[in-house]
Amino acid sequence: QVQLVESGGGLVQPGGSLRLSCAVAGSDFSRTDMGWYRQAPGKERESVARISRRGATAYIDSVKDRFTISRDNAKNMVYLQMNGLKPEDTAVYYCNTIPDVDNYWGQGTQVTVSA
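## Thoughts on the pairing of strand 8 (residues 77-82)
- Among the 6 residues in strand 8, 5 count as buried, and that is most of the element.
- For strand 3 (residues 18-25) and strand 8, the ladder comprises 6 bridges, and the chain directions are antiparallel. Bridge pairing links L18 to M82 in strand 8.
- Sheet topology note: the strand 7 (residues 67-72)/strand 8 ladder contains 6 bridges and is antiparallel. Within strand 8, the position partnered with F67 by the bridge is M82.
- In sequence, strand 7 turns back onto strand 8 through a hairpin of 4 residues, with N76 there showing a positive phi of about 55°.

## Let's talk about the nonpolar core
- Core analysis: the largest hydrophobic core is formed by 26 residues, its most contacted members being W36, F67, V78, L80, M82 and Y93.
- Those elements giving two or more residues to this core turn out to be strand 3, strand 4 (34-39), strand 5 (46-51), strand 7, strand 8, strand 9 (91-97) and strand 10 (109-113).
- For this core, the leading source of residues is strand 3, giving 4 residues.
- When sequence neighbours within four positions are dropped, the list of residues in contact with V78 reads L20, S21, C22, V24, F29, M34, W36, I69, S70 and R71.

Thresholds applied
Residues numbered from 1 in each chain as written. Predicted model: local features only at pLDDT ≥ 70, side-chain atom pairs only at ≥ 80, totals over all residues. Heavy atoms only, no water. Buried < 20%, exposed > 50% of the residue type's maximum accessible area, 1.4 Å probe, protein only. Helix = DSSP H or I, 4+ residues; strand = E, 2+ residues; numbered from the N terminus. Pairing = 2+ DSSP bridges. Core = buried A, V, L, I, M, F, W, Y, C linked by side-chain atoms within 4.5 Å. Contact = heavy atoms within 4.5 Å.

And the structure:
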């Protein structure tokens, strides 16, 4: 049984920063590609960033140069450093495998960017 627990969200002003964390249990983590996803109110969930088992990263255009995904295989953790936050980044953020697995979705962590 894979468990994913996200944390680190909060309320931040435009231009601010947050670091999200995802604790992964129950999987062969070091061999798994991982991703961060987000779902804004009234919108579909979208993939934001991904990191391969070897550390190769990719981002959607709207967060490129602002967000950084990383992983610590020794701790079974995935991180998302978010800088230069904008109101349009407001969403619930989730981690999951790449490709995502329905049964793995956790509660997510709310990120609200507002003045």
